[in-house]
Amino acid sequence: DILLPGPDVQTPSPFQRYLLSINLKYGRNLVVRNRRSATSDPYVKFKLEGKQFYKSKVVYKDLNPRWNESFSHPLRDRDHDVELRVYDKNLTADDFMGSSTISLKDLELHKTHELELCLEDPKSKEDDMGVIAVEVRLLFRDATVKRGPRFRPKKKQQNQGPTPRTSDPPKNQLKNQMWTGVLHITLVEGQDLPQYGQGDVYVRFRLGDQKYKSKNLCIQPNPQWREQFDFNQFEDIQEPLQVEVFSKRGRKGTESWGMFEVDVLRLPLNERQLYTHVLDPGKGKLVFLVTLRPCWGVSISDTDNPTLVNQDERDSVMERFSLKNTHQRLHEVGFLQVSVLKANDLPATDINGKSNPFCVIELGNCKLQTHTVNRTVNPEWNKTFTFPIKDIHDVVEVTVFDENGDRCPNLLGKIAIPLLTVQDGQQVCLLLKKEDLGRPSKGTITLVLEVIYNNVRAGVRTFQPKEKKLIEENQKFNKK
């Protein structure tokens, strides 16, 4: 068992209802029902009080099937057992392969239990019918409290006095910016949604500061989104992936049809997970896919030791994106290295004629930042950042901010450089501009950029839809 409950876990009251989350993982040593092929085509049904609430996909010709399907089901109480029944798929009547039960009374709340359930059939003479492995988690939520949206806009802070200046962060704080994996999410469809009335339905996803909102579709029983996007996964973020379905009916505002969470810390690498989550009673189900991929090419270092200066590392990067290796890792288009050296003559924001500048580097939905240099308008950062390139037509944005304590930082200047215009290895000094990039600001910034990419992969990516820019709450996303 993992995911221990927090210290403030409450005792459920009679008015509270539960949410049962199950991850159907795999079967092992299941019984043979097709004598000719000496195998079976198993699938699993989950029942509560005799009523089926979930049915898995069929895994053909496999006595050790892997499902990796997750779903949830709301409960009014925990007085009944969940029955798990396994069948062999046939053209006519399906053959029974054994059953087992999950006792809800024995489950500790807010804790994930890994169970291996032995299958049994009193009518069968077979002694060992195999096992089904599942992960089960039982939560409770207060049904008497109307839940507001999880995705409220951030309130503006007003009438705040001056706050203490922050000092330069330690090196491990810079490292905490680096993402170690990428969550590739596919929003597929809704099932059995309400079809009454007029209006729209949409889905919001959130992981830390990263947020995504789907397109609005007309309310219908089976809306088809078919949308794909990526979230970055950070080592120091322990938050789950939050998913919430909303309906919008004109001026009446929005109504939440159900919210649930996915524990991304338990996702296996490079395995596509199918989630079919039951929404609030009478609101249907939501289907989406999640794949966790390891991330390559993200780093922060001092400018005296950047990645591409080391000949062995440069050769490794060149080999990775060489034409002969085009067929490998098609989603990796290239590699960007940005050295942020210094800025000069920045605007002063404090009464002492100084600022506390730091620099943010963005490429698509990827973002890294320097440390803050206090009390200066001529900062020297001397930091080198590397990014994986997903689209050679992307633009790298470099923005200079003034650290403003706990309040929103002040924008001092910004530049945007298309990747295809980068002059490899050359030091450039660029004039900063306003946020809209149309008007000049005060000051300059000195950079060195280098781009390595695979022409074939870049060409293939050109004909695919451009990645949407994800909304983040905080311009400065240092995790303190």
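Residues numbered from 1 in each chain as written. Predicted model: local features only at pLDDT ≥ 70, side-chain atom pairs only at ≥ 80, totals over all residues. Heavy atoms only, no water.

In the annotation of an unreviewed UniProt entry, the protein is listed under the name C2 domain-containing protein and assigned to Xenotaenia resolanae. Here is the UniProt Sequence similarities (unreviewed entry) comment for the protein, exactly as written: "Belongs to the MCTP family." (UniProt positions renumbered as here; feature names shortened; annotations may be inferred.)

### Quick word on the overall build of the protein
Of the regular secondary structure elements, the protein holds three helices and 27 strands. A sequence separation of at least 24 residues applies to 67% of the contacts in the protein between residues at least 6 apart. Accessible area for the protein stands at about 24800 Å²; split by element, carbon and sulfur atoms hold 48% of it. (Helix = DSSP H or I, 4+ residues; strand = E, 2+ residues; numbered from the N terminus. Contact = heavy atoms within 4.5 Å. Areas by Shrake-Rupley, 256 points an atom, 1.4 Å probe, with all protein chains shown as cover.)

### Some points on the pairing of strand S25 (residues 427-433)
Relative to strand S26 (residues 440-453), S25 is paired through six bridges, and the arrangement is antiparallel. Following the sheet pairing, cysteine 429 is matched in S26 by threonine 446. Turn length for the S25-S26 hairpin, with the two strands adjacent in sequence and antiparallel, is six residues, and the turn residue leucine 437 shows positive phi of about 65°. (Pairing = 2+ DSSP bridges.)

### Some remarks on a nonpolar patch on the surface
A cluster of nonpolar side chains, contributed by Leu323, Val456 and Val460, occupies part of the molecular surface with about 270 Å² of accessible area. Following the sequence through the fold, valine 456 ends up in helix H3 (residues 455-462). In this structure valine 456 comes out as partly exposed when scored by relative accessible area, which is 42%. (Patch = residues over 30% accessible without salt bridge, like charges linked within 9 Å, V, L, I, M, F, W, Y side chains within 5 Å. Salt bridge = Lys/Arg side-chain N within 4 Å of Asp/Glu carboxyl O. Buried < 20%, exposed > 50% of the residue type's maximum accessible area, 1.4 Å probe, protein only.)

### Regarding the nonpolar core
By size, the foremost hydrophobic cluster in this structure holds 37 residues, and its most contacted members are Leu336, Val340, Phe387 and Ile445. Each residue touching phenylalanine 387, except ones within four places of it in the same chain, is listed here: Trp179, Gly297, Gly334, Phe335, Leu336, Ile361, Leu363, Cys366, Lys367 and Leu368. Tyr18, Ile22, Leu24 and Val59 belong to the second-largest nonpolar core, a separate cluster that totals 31 residues. (Core = buried A, V, L, I, M, F, W, Y, C linked by side-chain atoms within 4.5 Å.)

### Observations concerning the packing of aromatic side chains
Aromatic ring pairs are defined here through the distance separating the ring centres and the angle between the ring planes. Within this structure, the stated rule accounts for 15 aromatic pairs. Pairing tyrosine 212 with phenylalanine 229 gives two aromatic rings, centres 3.8 Å apart and planes at 10°, and the pair type is stacked. With a gap of 17 residues between them, tyrosine 212 in strand S11 (residues 210-213) and phenylalanine 229 in strand S13 (residues 224-234) connect regions that are remote in the sequence. We note that tyrosine 212, like phenylalanine 229, is buried. Through a chain of ring-to-ring contacts, three or more aromatic side chains come together here, namely Phe205, Tyr212, Phe229, Phe231, Phe260, Tyr275 and Phe288. (Phe/Tyr/Trp six-rings, centres within 6.5 Å; stacked < 30°, edge-to-face > 60°.)

### Observations regarding the confidence of the model for the protein
Atomic detail in the predicted coordinates should be set aside for any region of low pLDDT. The predicted model of the protein has a mean per-residue pLDDT of 82, with 84% of residues at 70 or higher. Confidence drops under pLDDT 50 across residues 1-16; counting only partners more than four residues distant or on other chains, this segment forms 31 contacts. Low pLDDT (under 50) marks residues 142-173, which in the prediction has 52 contacts with non-local residues, meaning those over four places away or in another chain. (pLDDT = per-residue confidence, 0-100.)

### Examining unusual backbone geometry
Even without being a glycine, asparagine 68 presents a positive backbone phi close to 50°. In this fold, asparagine 68 is placed in strand S4 (residues 66-75). With relative accessibility at 10%, the residue asparagine 68 sits in the buried group. Phi angles above zero are rare outside glycine, and asparagine 270 is one such case at about 60°.

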